Amino acid sequence: MITLKRPTKEYEVEATDFKQEFLNHGESTINGSELLDRMESYDEWLKSVTDNASSETVNPSWVVTDTFFALDDNDRIVGIIDLRHELNDFLKDFGNSGYSVRPSERRKGYATEMLKLIIQRAAEIGMEKLQLSVERSNEASVKTITKNGGKYERSFTFEGEEADVYMIYIYR
């Protein structure tokens with residue numbers, strides 16, 4: 001069982017450890033992290049994530065985005081997921097949500113549960129559908145999306161990689 005919680009200062013050490021685990025596994029990208037993988041300072045990242053959660057303070061080149069840590073029963077960060085309230089030109093292929101599970105916690109069902117919870121959040125704010133994209137080679141993520149009702153829509157190529165777009169329709 002996991003819970004989604006917004007990032008706060010109290011999670012700084014845990015978030016730094018989470019980020020480091022990706023780097024230790026040779027992974028430089030943490031999908032759904034709102035650039036946690038590129039920020040030098042947790043405080044800088046936290047301010048950005050907090051600002052981007054409100055239409056009054058969102059970065060003009062971004063969209064309103066809710067970012068959540070996925071915490072296990074021991075309050076350990078096992079994943080991160082975001083919910084983009086709308087799509088801009090850059091996001092039109094990438095979609096409304098991205099997510100990552102820390103390497104040591106993969107294949108335990110966390111991503112499926114995280115996406116289920118973010119779909120509930122999307123319903124709460126009135127969204128009718130979620131668009132998600134996934135590299136065709138990422139079989140685990142394809143399964144996560146389809147287990148949550150994702151239906152194939154179309155394909156595209158990004159930086160030489162074939163990817164597919166799925167739609168999840170939200171019924172209230």
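Everything discussed here concerns the structure shown above.
Fair warning: this is a prediction, and the values are worked out from it, not measured in the lab. (Residues numbered from 1 in each chain as written. Predicted model: local features only at pLDDT ≥ 70, side-chain atom pairs only at ≥ 80, totals over all residues. Heavy atoms only, no water.)

What follows covers the sheet that holds strand 6 (residues 151-158). Strand order across the open sheet formed by three strands is 5-7-6, with antiparallel pairing between neighbours. Among the strands making up the open sheet, the edge pair consists of strand 5 (129-135) and strand 6. On average, each strand axis in the sheet is tilted by 25 degrees relative to the strand beside it, whichever way the strands run. With seven bridges joining them, strand 6 and strand 7 (residues 161-169) adopt antiparallel strand pairing. The residue of strand 7 that forms the bridge with tyrosine 152 is tyrosine 166. This element, helix 3 (residues 110-124), spans strand 5 and strand 7 of the sheet and lies at about 150 degrees to strand 5. (Pairing = 2+ DSSP bridges. Helix = DSSP H or I, 4+ residues; strand = E, 2+ residues; numbered from the N terminus. Axes fitted to C-alpha atoms, helices over the stretch in contact; angles between N-to-C directions. Contact = heavy atoms within 4.5 Å.)

For the rest of this paragraph, the subject is the layout of surface pockets. Empty space among the atoms can be located by rolling a probe the size of a water molecule over them. Looking at the largest pocket, its volume works out to about 1600 Å³. For the largest pocket, the lining is made up of 49 residues, of which Asn31, Gly32, Tyr99, Ser100 and Glu135 are closest to its centre. Looking at the lining of the largest pocket, the elements that each hand over two or more residues are strand 3 (77-84), strand 4 (97-101), helix 3, strand 5, helix 4 (139-147), strand 6 and strand 7. For the lining of the largest pocket, the element with the most residues is helix 4, which contributes six residues. Its residues placed into classes, the lining of the largest pocket shows 19 nonpolar, 15 polar and 15 charged. (1 Å grid on protein atoms, 1.4 Å probe; cavity = no way out; pocket = protein on both sides within 12 Å on 5 of 7 lines; lining within 4 Å. Points joined across faces, edges and corners; volume = space filled by probe spheres on them. Nonpolar A, V, L, I, M, F, W, Y, C, P; charged D, E, K, R; others polar.)

Moving on to the pairing of strand 2 (residues 65-71). Consecutive side chains of a regular strand alternate in pointing toward one face of the sheet and then the other. Across the seven residues of strand 2, seven count as buried, placing the element largely inside the fold. Alternating positions in strand 2 separate into two faces, Thr65, Thr67, Phe69 and Leu71 on one and Asp66, Phe68 and Ala70 on the other, with burial throughout. Where strand 1 (residues 3-5) and strand 2 come together, three bridges link them in antiparallel fashion. Looking at strand 2, one finds that lysine 5 is bridged to phenylalanine 69. Pairing of strand 2 with strand 3 involves seven bridges; the strand directions are antiparallel. Paired with threonine 65 across the strands is arginine 84, a residue of strand 3. Between the antiparallel neighbours strand 2 and strand 3 lie five residues, among them aspartate 75 with a positive phi of about 65 degrees. (Buried < 20%, exposed > 50% of the residue type's maximum accessible area, 1.4 Å probe, protein only.)

Right, let's talk about the pattern of salt bridges for a bit. According to the stated counting rule, one finds 18 salt bridges in the structure shown. A salt bridge links arginine 102 to glutamate 14; its shortest N-O distance comes to 3.2 Å. Residue arginine 102 is located in the loop between strand 4 and helix 3, and its partner glutamate 14 is located in helix 1 (residues 12-24); the two are separated by 88 residues in the primary sequence. With relative accessibility at 0%, the residue arginine 102 sits in the buried group. For glutamate 21, the salt bridge is made with arginine 76, and the minimal N-O distance between the two is 3.7 Å. Taken together, the positions of glutamate 21 in helix 1 and arginine 76 in the loop between strand 2 and strand 3 put the pair 55 residues apart, joining distant regions of the chain. Overall, the relative accessible area of 11% leaves glutamate 21 in the buried class. Among the ionic contacts, a cluster of salt bridges with common partners joins Glu14, Asp17, Glu21, Arg76, Arg102, Glu105 and Lys108. (Salt bridge = Lys/Arg side-chain N within 4 Å of Asp/Glu carboxyl O.)

Just distances and angles here, no functional claims.
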